[in-house]
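In case you want the letters, here they are:
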Amino acid sequence: MESLKDIKARFAALPMELWEEALTELEQDERQGVIHFSESCRKKMKKQEEERFRIQTMQKFEQELADDQILAGIDEAGRGPLAGPVVAAAVIMPPDCKILYINDSKKLSAAKREELFDRIMDEAVAVGIGISSPGRIDEINILQATYEAMRTAVAELETVPAVLVNDAVIIPQIAIPQKPVIKGDAKCYSIAAASIIAKVTRDRMMIQYDELYPEYGFAGHKGYGSAAHIEALKKYGPCPIHRQSFIGNFF
């Protein structure tokens, strides 16, 4: 008789799409440990089915929004920090994309964002990234710098979309039709994908900056105004990636 350890190993190697037939057979086993394992597998299958439904709902929402035309989701990361750039991403996902767990980047763990970043980059029709530096933010203000990063992201797309679906904003100086969606990163698949690309790109930059300016702890707080960051800012003064227009209250 197959041991519980071997059963778990077999299921670990088996795609969840093939679990149903294996579970039907396994559920004839009356051993208590096997019963608990079968129940656990059923719960995982139910959660994945719920996730598939959530993803399909997001995709249907944005396809109806754009009348099934090629659309790009737009989002940004880093409007609020005291240091570092603001990063925008534009993402065109294939309509039949099956990547699960894409969501507002703030609702995902760092590890899950990293995993999804790689999958999105592999499977997207096109990805564009735009970056506005701290100096540019100080020069033209954070809102205009964000718009500038978004325009750059759109310009970087290798495929020209028919519609831009944005998280709550209309980007000035773009000829492509736009449709802003309030809380779009939780409603639209492509906006959520863009939020992940923008967030991971910026976080990776802040980790690199941490190596240059280790006294500020950028790898941990990513430039946001945490207590530790503000304490370091007061102790050491600003570094080249601090936004001068954001830190006046601390000096």
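This text goes with the structure placed above it.
All of these numbers come straight from a predicted model, not from anything done at the bench.

Participant: I'm lost on helix α4 (residues 110–123) in this one. Help?
Facilitator: What sets the pattern is the α-helix's 3.6 residues per turn: residues three or four places apart point alike. Between its first and last C-alpha atoms α4 spans 20 Å; for 14 residues at 1.5 Å apiece the expected length is 20 Å, and the two agree. Residues of α4 that are buried: R113, L116, F117 and I120. With its buried residues spanning 115° around the axis, α4 presents them on a single face. Exposed residues pointing more than 90 degrees away from the buried face of α4 are listed as A111 and D122.

Participant: Explain the side chain of D75 here, please?
Facilitator: Position of D75 relative to the elements: it lies in strand β1 (residues 71–77). Put simply, D75 is tucked away with no salt bridge, and the nearest opposite charge, on K106, sits 5.9 Å away. With near-sequence residues (within four places) excluded, D75 lies in contact with V87, A88, A89, M150, D167, D185, I191, A194, S195 and A198.

Participant: Would you explain the environment of L65 in this entry?
Facilitator: In this fold, L65 is placed in helix α3 (residues 32–65). For the pair L65 and K179, spaced 114 residues apart in sequence, the C-alpha separation works out to 7.9 Å. Contact partners of L65, with chain neighbours within four places excluded, come to V165, K179, V181 and C188.

Participant: Looking at this model, I keep getting lost on the pairing of β1. Mind explaining?
Facilitator: For a regular strand, side chains alternate in direction, first toward one face of the sheet and then toward the other. Within β1, six of the seven residues are buried, which leaves the element mostly enclosed by the surrounding structure. Sheet topology note: the β1/strand β4 (residues 163–167) ladder contains four bridges and is parallel. Along β4, the bridge assignment pairs L71 with V163.

Participant: Looking at this structure, I do not really get the pattern of salt bridges. What am I missing?
Facilitator: Pairing is possible between side chains that carry opposite charge, provided their charged atoms lie close to one another. Applying the stated criterion to the full structure yields 16 salt bridges. Where K112 meets E115, a salt bridge forms, and the shortest distance between an N and an O atom there is 3.4 Å. Of this pair, K112 and E115 both sit in helix α4, three residues apart, which is roughly one turn of that helix. A relative accessible area of 23% means that K112 is categorised as partly exposed. R136 is the partner of E139 in a salt bridge, and the nearest nitrogen-oxygen pair spans 3.1 Å. You can see E139 and its partner R136 sitting in helix α5 (residues 134–140), three residues apart, about one turn around the helix. Residue classification places R136 among the partly exposed positions, given a relative accessible area of 26%. One connected set of salt bridges, linked through shared partners, spans E20, E27 and R42.

Participant: In this structure, what is going on with the state of the cysteines? I would like to understand it.
Facilitator: In this structure the tally under the stated criterion is zero disulfides. As a non-bridged cysteine, C188 has C97 as the owner of its nearest cysteine sulfur, 15 Å distant. A relative accessible area of 0% means that C188 is categorised as buried.

Participant: Sorry if this is basic, but what is going on with the nonpolar core here?
Facilitator: Among soluble globular proteins, nonpolar side chains are generally buried collectively. Residues V91, M93, I99, I102, I120, Y189 and I196 are the most contacted members of the largest nonpolar core, which totals 25 residues. Secondary structure elements with two or more residues in this core: α3, β2 (86–92), α4 and α8 (189–212). Ranked by residue count, the leading element in this core is α8, at nine residues. Every residue in contact with Y189, bar those within four places of it in the chain, is listed here: I55, M58, Q59, E62, M93, C97, K98, I99 and I102. Counting 17 residues, the second-largest nonpolar core is a separate cluster that includes A88, I92, A149 and I176.

Participant: What exactly am I supposed to notice about the environment of I120 here?
Facilitator: Relative to the helices and strands, I120 resides in helix α4. Contacts of I120, omitting those with residues within four sequence positions, involve V91, M93, I99, I102, A193, I196 and I197.

Participant: What is the right way to read the packing of helix α1 (residues 4–12) against helix α2 (residues 19–26) from this model?
Facilitator: Between two packed helices, the angle of one axis relative to the other and the distance separating the axes together describe the packing. Contact pair α1 / α2: the axes reach a minimum separation of 11 Å and the direction vectors enclose 165°. Between α1 and α2, the angle falls in the class roughly antiparallel. The interaxial crossing formed by α1 with α2 has right-handed handedness. Residue-level inspection shows I7, R10 and F11 of α1 in contact with α2, the latter providing W19, A22, L23 and L26. Of the residues in the contact of α1 with α2, the class split is six nonpolar, no polar and one charged.

Conventions we followed
Residues numbered from 1 in each chain as written. Predicted model: local features only at pLDDT ≥ 70, side-chain atom pairs only at ≥ 80, totals over all residues. Heavy atoms only, no water. Helix = DSSP H or I, 4+ residues; strand = E, 2+ residues; numbered from the N terminus. Expected span 1.5 Å × (residues − 1). Buried < 20%, exposed > 50% of the residue type's maximum accessible area, 1.4 Å probe, protein only. Arc of directions from axis to C-beta. Lys, Arg positive; Asp, Glu negative; His and termini not counted. Salt bridge = Lys/Arg side-chain N within 4 Å of Asp/Glu carboxyl O. Contact = heavy atoms within 4.5 Å. Pairing = 2+ DSSP bridges. Disulfide = S-S within 2.5 Å. Core = buried A, V, L, I, M, F, W, Y, C linked by side-chain atoms within 4.5 Å. Axes fitted to C-alpha atoms, helices over the stretch in contact; angles between N-to-C directions. Parallel < 35°, antiparallel > 145°, perpendicular 65-115°, else oblique. Left-handed = near helix turned anticlockwise from the far one by under 90°. Nonpolar A, V, L, I, M, F, W, Y, C, P; charged D, E, K, R; others polar.

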